[in-house]
Each structure stands twice: as structure tokens, then as C-alpha cells.
Amino acid sequence: MKNPLCYVSKYLILMLVSIFLLSACGDKLEDPETVIHKAKEAVTDIASGRVEVSADAEGQNGTDDLLFEGSMNLIFDHEDEENKKMDMHVALSGDMKTAEKQLQGDVDFEFVTTDGEYYVKLNELSSTDESLAPMQPFIDMYKSKWLKIAKDFIPENIRELQEEDEATKLKKEQLEDLFVETALFNVIKEYGIEKINGEKVYHYGIKPNMEGFKDYMVKAAIIDGREMTAQEVEEAVKVLAYIKDAELYIDADDYYILKAILVFSGAALNEEADASLEVKVVIEGSDYNKTVTVKAPEGAEDFNPLVLMMGFGGVPTVSEDAAMEEVEGTEEMEATDNTEELMEETAEE
């Protein structure tokens, strides 16, 4: 006769294993459409945070090769509608080889806006392209310096992002509502619940909903006070067909998008048979609606782009004020000469 304790032990082990398995699978999966909808709502409620973007591209076209990589680190704070702050660092590097020549270039700059002021710093701008050589003295003159740029020289669309009037705010709210309610993506694969930096996330494979995007663009244009033709809409959404793969990682608790991956296929981007190009973009977000710090850089110099544009004929040797004094002096001399000529003509008569 078998020992009864043996049966008890077997049932106890079976019960413990069952409890472990049930606890491991205890995360209740929400409907993907509901999660995507909540994620879009969460996006419209974000007022501060950090975003990191990396992009890599590799392509070939016959004997031509292209390599490109870029990154952007962004800190933003829009809690105060009257004082929107942003600190952005962008770095780009590329290498292109053709049958005739090989070009390599690097760009690295920072941009800060706070308290209604705009600042920029160029850390690197270099290229093997000889056409950049005439600009090198100006690049060296301003490189690694924080420059304060007058508002008039900031593109209007950038200023509008920072300075919203009531009409712009209304449009923004309408566009946000449209964004949330329009079906822009279809979930084509559910990876289940995973973890990113200790946070549980829904991991989805998604695909753009072409008809949803077309509907969004038409209605968004109307909100903006204009109309889009059918051809314009088709051209605008054409790039979506080039997406080879797209994934989202959505926080399972507050539905913030913590990570997004987009891969564009080269065959679609370049229709030539012997050409290929693949671009991978990775976007990661953190510290949403948390306190982030954006400060104006210390020791920034006032910068007027007109001085730079006027000086492309040679390195400026006088200050802006001195240049204005010289112009005024020339005008006075011309006026004096004209007066003397008129007096001489009058005397002769």
C-alpha cells in the first residue's frame, strides 16, 4: 500500500505549480483598440517630458552607397501655456559614396527656448564637400558659442508653436479630438505584456490605416481653414505605404507610449530596380508630466543673422555699429557733394 503522504505531496506540488502559472498569466489583456484609443488620449494630455529619437539609414543605388545616422534628445515643458520651454540637441552624420567622389558630413547643434527667448549653439558643422570651404571662417567664428536670436528671425511656424492665441488653441483642441477619434492604426500582432525599464507595457505590431489617415488629413485641413484635393491627400499618405514594420510599447497603467519603432522599406522609397534603402527610426519617451528643467544658457551673445548673410563676401572686420556709422558717413558726404555742386551751378547762372 502506498503512503498517503505521497498523494498529499503530489497534490500540494500540483497546487503550487498551478498558483505560480496563474499568477504569471494574471495580467488581464485589454482589447487592443481600447488600448490604442487610451494611448492617443494620453498623448494629447502630455505637457512635459523627455523624448529620444534615433534614426539609421543604409542604401545602395547601383555603385552608390549611402550611410546615415542621426539622433535627437528633447526636453519639453509646456505646463505654463504662457512660457513654453524646450531644450533640443540634434546630431547628424552621413557618408555618401558615388563613382565620382565620396562625401562625409557631420552636424551637431542645440536649440533652447524659454521665457519667450530663443538660443542656438552650433557644436559641429563639417563636410568634405569643397563648397563648404568659403563658409568655414564664419562657422569657426560662431562655433561652440550660445547665440541669442531675435524673434523676428525665428520661422513663424516655430513661433506659433510657442505663442498660441485663442484661435490657435481652439484649432489645437479640435485637432486633438480628431486625432483621438480617428482610427489611424490597425493592430496586426499582439506580443502580449512585456517590461521596459521595469514598467509593464502592451507590445503591439501595428499598420497604418490608410483610409483613416486620409479622413484625418481632409478634416484637419478644414479645421485649419483650407481644403485638400484628392490628389494632395494621396500624395500626403503615400509615405505610409513605405512602412515595412511598426511597433508600439504602451504603458499598461497610464497608457503613455514609451517606445515606438518604425522601419521604412527601401524598395518602396526608391522604385528603381537596382536601388534599396532601409530607414529605422526608434522613439523613446520618459518622465511624462513630471518636473523637467529647461534653463536659458549663460553667457549667450546677441546674434543678428543679417550680419552673417551680408558678410558672405568676406569675413567681417568691423562691428555692426561701426558698419552703420560708415554707411551714415558716406550718405553725409554724398549729400555735401550734391549741395556744393548745386551752389556752383547757381553761381554760374
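Residues numbered from 1 in each chain as written. Predicted model: local features only at pLDDT ≥ 70, side-chain atom pairs only at ≥ 80, totals over all residues. Heavy atoms only, no water.

A closer look at the packing of aromatic side chains
The geometry of an aromatic ring pair comes down to the distance between the two centres and the angle between the two planes.
Turning to step 1, where the next piece is worked out: Going through the model one piece at a time under the given rule, you end up with five aromatic pairs.
Turning to step 2, where the next piece is worked out: Ring geometry for Tyr142 and Phe303: centres 5.0 Å apart, planes at 70°, overall edge-to-face. Of this pair, Tyr142 sits in helix H3 (residues 136–142) while Phe303 sits in strand E12 (residues 301–303), placing them 161 residues apart in sequence.
Turning to step 3, where the next piece is worked out: Since its relative accessible area comes to 17%, Tyr142 is described here as buried.
Turning to step 4, where the next piece is worked out: Judged by centre distance (5.0 Å) and plane angle (50°), the rings of Tyr256 and Tyr288 are tilted. With Tyr256 in the loop between strand E9 (243–251) and strand E10 (257–264) and Tyr288 in the loop between strand E11 (275–286) and E12, the pair connects residues that are 32 residues apart, well separated along the chain.
Turning to step 5, where the next piece is worked out: For Tyr256, a relative accessible area of 15% translates into the label buried.
Turning to step 6, where the next piece is worked out: On the basis of relative accessible area, Tyr288 is assigned to the buried category, the value being 13%. (Phe/Tyr/Trp six-rings, centres within 6.5 Å; stacked < 30°, edge-to-face > 60°. Helix = DSSP H or I, 4+ residues; strand = E, 2+ residues; numbered from the N terminus. Buried < 20%, exposed > 50% of the residue type's maximum accessible area, 1.4 Å probe, protein only.)

Remarks on the sheet that holds E11
Turning to step 1, where the next piece is worked out: Taken in spatial order, the 12 strands of this open sheet run E7-E8-E9-E10-E11-E1-E2-E3-E4-E5-E6-E12, and their pairing is mixed. Since the sheet does not close on itself, it has two edges, and those belong to strand E7 (185–196) and E12, each with one partner. The average angle at which neighbouring strand axes cross in this sheet is 15°, direction not considered.
Turning to step 2, where the next piece is worked out: Both E7 and strand E8 (residues 199–208) contribute to a ladder of 10 bridges, which runs antiparallel. Bridged to Ile196 within E8 is Glu199. (Pairing = 2+ DSSP bridges. Axes fitted to C-alpha atoms, helices over the stretch in contact; angles between N-to-C directions.)

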